[in-house]
Amino acid sequence: MKNNVSIFIILFILTLQSYAQNNFKWYDESIPFNERANLLVQAMTLEEKCSQFVSASPAIPRLDVPEYNWWNESLHGVARNGKATIFPQGIAMGATFNPELIKEVSTAISDEGRAKFQVSKSINNRGQYAGLTYWSPNVNIFRDPRWGRGQETYGEDPFLTSKIGIAYVEGLQGDHPKYLKTTACAKHYAVHSGPEELRHSFNANPSKLDLNETYLPAFEALVTQANVQGVMGAYNAVYGEPSTSSTFLLDDILKKQWGFNGYIVSDCGALGDILKGHKKAKTVEEAAALALIAGVNLNCGWVYNEIQSAVEKGLISESLLDERLKQLFLIRFKLGFFDKDESNPYNSIGTEVINSKENKELARKVAQQSIVLLKNDNNVLPLDKKIKSLYVTGPFSSSSNILIANYYGMSSNLVTVLEGVTEKVSLGTSLNYRQGVLPFQKNLNPLNWAPNVAKTIDATILVVGISNEIEGEEVDAIASEHKGDRKDLKLPQSQIDYIKEISEVKKGPLVLVIGTGSPVSLEDVESYVDAIVLMWYPGEQGGNAVADILFGDVSPSGHLPITFPKNVDQLPAFDDYSMKGRTYKYMEKEPMYPFGFGLTYGQTEFSNASGNLKSISKKQDFSFSVDIKNTSKVNFEDVIQVYLVPEDTQGFLPKYSLKAFKRVELLAGETKNISFNISNEDFYQTNLEGEKAWIKGNYKLMIGNALPSKKSLKLGAAKPIEITIKLK
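A short tour of the structure in this document, coming up. (Residues numbered from 1 in each chain as written. Predicted model: local features only at pLDDT ≥ 70, side-chain atom pairs only at ≥ 80, totals over all residues. Heavy atoms only, no water.)

A look at the packing of helix 16 (residues 417–424) against helix 19 (residues 542–550)
Okay, step 1: The N-to-C vectors of helix 16 and helix 19 enclose an angle of 50°; their axes lie 7 Å apart at closest approach. As judged from the angle between their axes, helix 16 and helix 19 are oblique. As helix 16 packs across helix 19, the resulting crossing turns out to be right-handed. For the pair helix 16 and helix 19, contact is made by Val417, Gly420, Val421 and Lys424 and by Gly543, Asn544, Val546, Ala547, Asp548 and Leu550, respectively.
Okay, step 2: Here the contact of helix 16 with helix 19 is composed, by residue class, of five nonpolar, three polar and two charged. (Axes fitted to C-alpha atoms, helices over the stretch in contact; angles between N-to-C directions. Helix = DSSP H or I, 4+ residues; strand = E, 2+ residues; numbered from the N terminus. Parallel < 35°, antiparallel > 145°, perpendicular 65-115°, else oblique. Left-handed = near helix turned anticlockwise from the far one by under 90°. Contact = heavy atoms within 4.5 Å. Nonpolar A, V, L, I, M, F, W, Y, C, P; charged D, E, K, R; others polar.)

Here it is as structure tokens:
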């Protein structure tokens, strides 16, 4: 009887589908998507239309429109939807300086997402986090290291952020001529980077220069070069107008200037801030009207529940409603939701891709390339796998939480640093482990033998950091007293004290491994350790990747995508959105570690830089080449970085601007000649009016493997080589 009922239900569903496809023109696959979206919207009643503007869009049975929940996340892997590969956090992706690799990552993520979507449909799970509209990536500029969500970004540089972001979007959305694989969403638009505590009422008032030189370029790149299908409006206001009701941001710039034709979604609850936080509307209907008129198609939140009332009160027209709704349904049509499964090749991706062996290996590779070697006195690294005795200690040495950051999926194979090291060393090595210290407070027990273990051990690996409990979004960082942000950049005092305790008694070298999503001030501990390895939040294979680096199977090749200040006193006020004194471009004070810095186990040497022009006019591109040599006996990869340096900053030009980069593999003793082409457009710079201008003068192109500063040289970066040019 039970089987008969099941067969009846399946036949009934198939009959309904057949009826819909025969009677509803929007199911006719021979008609262009644009026309099909029009037909569907025209068939809806006002009530049905108004129901579709919230992220949890209900079904319309009369028209055979299934329910759909737009909210899904894929910051560094399919998130909050069960089993998926957990890749390194966004800031770690930036540290790879490898857009091609990041496109592989987002391609793997969209593979897993497509496969999971098919399974979710089969069990009728159409709820939150089960869809294909991912609200990633975060391309805000990490302008201040205190911001708890800076870990989600690709760093402080608009050029690097743009290149990584474009690659990420391309991998998510696919390259099919008709169908989207999934959709990406550039967030949070715009001028958004903390403080978390103030985000619902804060007004950012950047100069025209800063807006166009720093805050907007990555969004523009994702729209104009990657055809990103979604843009998420931020919580904060810009120039006194909430981001989600700003016609300046959403219509003038995003749509008219950049040509964006996708959908705009509010950050969750942001439309409520028009009413409550920014007090720009007196009623919910007024807030809904302001947002819809500005261009917001979709509300993650509750304000658009009153959109029908706003229409009935004459605050918005039904024709505008139709226009905004059509853009939403175009996304669903492009994803293939109204076509037969077999019509869309992405539906054939099987579940075998989910957290597959290949994707785990990819996660490990990304982690390897993201890890930054900050210090290596006397070449204590790499360690010998046959070391006689080894001590692994620290609050995060056996922690899986330090691997996953925020917005993460689930994996049954989270490899901690302790586990990675255990698998790497000889079975004959006397390997010891003790946590030794609590992560965020002093030990409650005054007796602690853990530091003393280092007295008799050949080398000690000490894993410290902060974790998603300390930094993150205002509602998630449960150990933060500042709603996810930090007031200073130091490690917790308990960890600082533990580092010093071990340093005082250690027999062999002390290797510090740091898990973090943001810059950490190390001036209190740097002199106490022999080597510093920055692993970020390295994803599910983090422990294996760290062990690969520590024991020399892979030479470190990550480079900092953000400046590490010496301390918080080097920073301007957190809520000051002026770029003066911020990032490598405008910082006057000497940092702890410069942007772009990262050591390898070898040495790089630059020579023979030559360009095709001495003077460059408008409409001329500039080509040059440089020799890069591995002067050591180990193979490694390094990142060549090209900076434009003006002779005269004229009081507003950046001191340095990253214009190109390439990751290069070098065998021991090998020399390669590397060519670059810098387009004429890349020589245009932002003037005080926020316009792209050809600013004549003398410049240098400086080529190296870190920011070409005295501090980089002092820390062990290669000596940069320069080419003098003139813009005329």
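A word on the state of the cysteines
Okay, step 1: Per the counting criterion, the structure on display carries one disulfide.
Okay, step 2: The disulfide bridge from Cys268 ends at Cys300, spanning 2.1 Å between sulfur atoms. In this structure, the disulfide formed by Cys268 and Cys300 twists by about 90° around the S-S bond and is classed as right-handed. Of the two residues, Cys268 sits in the loop between strand 8 (263–266) and helix 10 (270–275) while Cys300 sits in the loop between helix 11 (284–294) and helix 12 (307–312), which places them 32 residues apart along the sequence.
Okay, step 3: Owing to a relative accessible area of 4%, Cys300 belongs among the buried residues under this scheme.
Okay, step 4: No disulfide involves Cys50; its sulfur sits 19 Å from the nearest other cysteine sulfur, which is in Cys300.
Okay, step 5: For the unlinked cysteine Cys185, the closest cysteine sulfur is that of Cys268, found at 10 Å. (Disulfide = S-S within 2.5 Å. Buried < 20%, exposed > 50% of the residue type's maximum accessible area, 1.4 Å probe, protein only.)

Quick look at the packing of aromatic side chains
Okay, step 1: Enumeration according to the criterion identifies 33 aromatic pairs in this entry.
Okay, step 2: Judged by centre distance (6.2 Å) and plane angle (15°), the rings of Tyr593 and Phe597 are stacked.
Okay, step 3: A relative accessible area of 2% means that Tyr593 is categorised as buried.
Okay, step 4: According to the relative accessible area criterion, Phe597 is buried, its value standing at 0%.
Okay, step 5: Over the aromatic face of Tyr577 sits the side chain of Arg143, whose NZ or CZ is 3.7 Å from the ring centroid.
Okay, step 6: Over the ring of Phe676 we find Lys662, and its NZ or CZ is 4.8 Å from the ring centre. (Phe/Tyr/Trp six-rings, centres within 6.5 Å; stacked < 30°, edge-to-face > 60°. Lys NZ or Arg CZ within 6 Å of the ring centre and 35° of its normal.)

Considering the nonpolar core
Okay, step 1: If you look at the biggest cluster of nonpolar residues, it comprises 125 residues, and the most contacted ones within it are Trp135, Tyr189, Tyr304 and Phe329.
Okay, step 2: If sequence neighbours within four positions are ignored, Tyr189 has contacts with Leu216, Phe219, Val231, Met232, Gly233, Ala234, Ser243, Leu249, Leu250, Ile253, Leu254 and Trp258.
Okay, step 3: In this structure, Phe396, Leu491, Tyr537 and Tyr593 belong to the second largest nonpolar core, which totals 77 residues. (Core = buried A, V, L, I, M, F, W, Y, C linked by side-chain atoms within 4.5 Å.)

Observations concerning the sheet that holds strand 3 (residues 185–189)
Okay, step 1: Judged by pairing direction, the sheet is parallel, and its three strands sit side by side in the order 3-5-8 without closing on themselves. A single partner strand is all that each edge strand has here, and the edge strands are strand 3 and strand 8. Strand-to-strand twist across the sheet, computed as the mean angle between neighbouring axes with direction ignored, equals 25°.
Okay, step 2: Two elements, strand 3 and strand 5 (residues 230–233), share three bridges in a ladder whose sense is parallel. By the bridge assignment, Ala186 is partnered in strand 5 with Val231.
Okay, step 3: In this fold helix 8 (residues 217–224) packs onto strand 3 and strand 5, with an angle of close to 155° to the strand it touches most, strand 3. (Pairing = 2+ DSSP bridges.)

Just distances and angles here, no functional claims.
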